[in-house]
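# A closer look at the structure
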Amino acid sequence: MKFKSLKIKLTILISLVLIGTVALLTFITFKNVDNRILQPIQNFELSQPAAPSTPTEDLSDVAPVVTSPAEEIQGLNKNFQLSYVYWMIGIALLGILICYYLIQKNLKSLLTLKNSVQDVNEHRLSSRIDLPNKEDEVGQLAHEYNLMLERLEQSFAYQKSFAENAAHELKTPLTTMKLNLQILDLEEKPTLDDYKEHHDISKNSINQLIDIVDQLLLVSNNELLQNIEEISLDLLIMDLVTLNETDAIEKNIELTHQGTPVKIIGNKVLLTQALNNIINNGIKYTPANGAINISYSKTKENIMIKVTDNGIGIDQKDIPFLFEPFYRVDESRTRSLGGSGLGLSLTKKIIDMHHGKIKVTSTLNEGSVFQIILPLTSR
Ligand SMILES: Nc1ncnc2c1ncn2[C@@H]1O[C@H](COP(=O)(O)OP(=O)(O)OP(=O)(O)O)[C@@H](O)[C@H]1O
Ligand SMILES: [Mg+2]
C-alpha cells in the first residue's frame, strides 16, 4: 500500500516507533519483575524443608485454601502486568495523537508554500509567502523562495524594460524613414535633388538601425569571448586615436595619448569596441575646443587605462546608472547627438568578460574620467 500524504507517512512512522518502544519497555519490565522478584521467591520456597506429613484428613470444608507467597505474588504480578499494558497502550495512543497534531500543524506551512508556488507565473511575481514561524526549516525555505522571487521579478522587469527600450530605439529611425518617404510621395514632381536628399536621410537611418541591432546583438550575446589573442595596447590605442581624429578635429578637440608599450591578452575586436565607446563619448560630450587624454600604464598585476575629458561632466546621481542599457543622462540632448544609450553598457559587459573593472569619476561642467583596470593575465 502506498501513501501519498507526507502527513500519514510520518504519523505511521512515528506510531511504529512509539509502539515498538512501548512493547520493548513492557517486555523489559516484565522480564525484570520475573527475574528479580518471582524467581528468587520461588527458589527460596523450593529450598525450604518439606513440612511433616500429617494424617490425611479432608480439611477443605473447614479451612480456607492456603496459597503460597509465590502464588500470591504471581497473582499480583498478573494484575500489575494487565494495568501496565493498559497504561502503555494509553500512553502510546496519546503519543500518536500528539504526533499527528504536531505533524499536521507543521505541514500546514508546507501546504501554504505549495499553494503559493502554484500561484506564481510571469505576471504574478510580486506575491510573497508570509509564514508565522520564520525560524524553522520550512520558514527558511520560504524566505529563500521569497528572495528568489525578488530576483526573478527584477530580472523580468529588466527584460521588459530592455525590450521596450529596444523597440523604442528601433522605432525612431524607422519613423524617420517613413516620414521621409511620405514627404517624397507628396511632392508632385520630385527632382533628382529631392531624391538625393531623401536618399541620404534614409541611408543615415539605416546605418543607425544597423548600429543599434549590432549593439543589441553584442549586449545579449554571452559567448563573445572567442578569438583570444595577444594585443599591443599601445597600437590599439593609436588606431583608436586615428579612428576618432576626424570627429575631434571637427570640434577642435585636442586628442592626446601616452603610455609605455604593453601587451594584453583578450579579444581585440571587443576591446577596441569597448575603448572606442568611451573615447567616442568623450568627443560627443565635450564642447568645442576641449581636450581628451588617453593614458595607460602597467602595474605588477594590472593594466590601467584612463580616458579623461574636460567636457560637460556627469551628475553624481546619474553615475550609478551609466552602465545600464539605454540610460542617457539628458534624453533630448544625447538623442540629438545620435546616441542610443547602449555604448557604456556594452563597454561594461566587455570589460566584465575580460575580468576587469570600470570606474567613473566626474564633476558636472568640469569633465569626466573613465578608468579601466584589466588583469595582465586577462582573457
Ligand atoms: N564623457 C562623458 N561626459 C558626459 N556624459 C557622458 C560621458 N559619457 C557618457 N555620458 C552620459 O552617459 C550616457 C550613456 O552613455 P552611452 O555611451 O551608454 O550612450 P550614448 O552615448 O548616449 O549612446 P551610444 O553610445 O549607444 O551611441 C550618455 O547618454 C551621456 O549622457
Ligand atoms: Mg556612447
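Residues numbered from 1 in each chain as written. Chains lettered and ligands numbered in written order. Predicted model: local features only at pLDDT ≥ 70, side-chain atom pairs only at ≥ 80, totals over all residues. Heavy atoms only, no water.

Per an unreviewed UniProt entry, the protein chain carries the name histidine kinase and comes from Vagococcus hydrophili. The UniProt entry for the protein chain carries this comment under Subcellular location (unreviewed entry): "Cell membrane". (UniProt positions renumbered as here; feature names shortened; annotations may be inferred.)

### Some thoughts on the overall build of the protein chain
Scanning the protein chain from N- to C-terminus turns up 8 helices and 7 strands. Each of the 379 residues in the protein chain was classed as buried or not, and the buried ones make up 33%. Within the protein chain, contacts between residues separated by at least 24 positions form 73% of all contacts whose residues are at least 6 apart in sequence. Summing over all exposed atoms, the protein chain offers an accessible surface of approximately 25,300 Å²; the carbon and sulfur share of this is 60%. (Helix = DSSP H or I, 4+ residues; strand = E, 2+ residues; numbered from the N terminus. Buried < 20%, exposed > 50% of the residue type's maximum accessible area, 1.4 Å probe, protein only. Contact = heavy atoms within 4.5 Å. Areas by Shrake-Rupley, 256 points an atom, 1.4 Å probe, with all protein chains shown as cover.)

### Let's talk about helix H2 (residues 69-119)
End to end, H2 covers 74 Å across 51 residues, agreeing with the expected 75 Å (1.5 Å per residue, within 8%). Largest kink in H2: about 25°, centred on lysine 108. (Expected span 1.5 Å × (residues − 1). Bend = angle between axes of the 7 residues up to and from the residue.)

### Brief notes about a nonpolar patch on the surface
A cluster of nonpolar side chains, contributed by Leu6, Leu10, Leu13, Val17, Leu110 and Leu141, occupies part of the molecular surface with about 500 Å² of accessible area. Residue contributions to the nonpolar patch peak at 4 residues, all from helix H1 (residues 6-47). Following the sequence through the fold, leucine 110 ends up in helix H2. Looking at leucine 110, the relative accessible area reads 32%, which means it is partly exposed. (Patch = residues over 30% accessible without salt bridge, like charges linked within 9 Å, V, L, I, M, F, W, Y side chains within 5 Å. Salt bridge = Lys/Arg side-chain N within 4 Å of Asp/Glu carboxyl O.)

### Points about the site of ligand 1
Lining the immediate surroundings of ligand 1 are 21 residues, of which Asn281, Tyr285, Gly341, Leu342 and Leu344 lie closest. A distance of 2.9 Å is found between an oxygen atom of ligand 1 and a backbone nitrogen or oxygen belonging to glycine 341. Between ligand 1 and the protein, one listed contact pairs an oxygen atom with a backbone N or O atom of leucine 342 at 2.9 Å. Contact with the protein chains covers 96% of the free accessible surface of ligand 1, which is 590 Å². Of all the secondary-structure elements, those providing two or more residues to the shell around ligand 1 are helix H6 (268-284), helix H8 (343-353) and strand E7 (367-375). (Near = heavy atom within 4 Å. Polar contact = N/O pair within 3.5 Å; in protein donor to acceptor, adjacent residues only side chain to side chain.)

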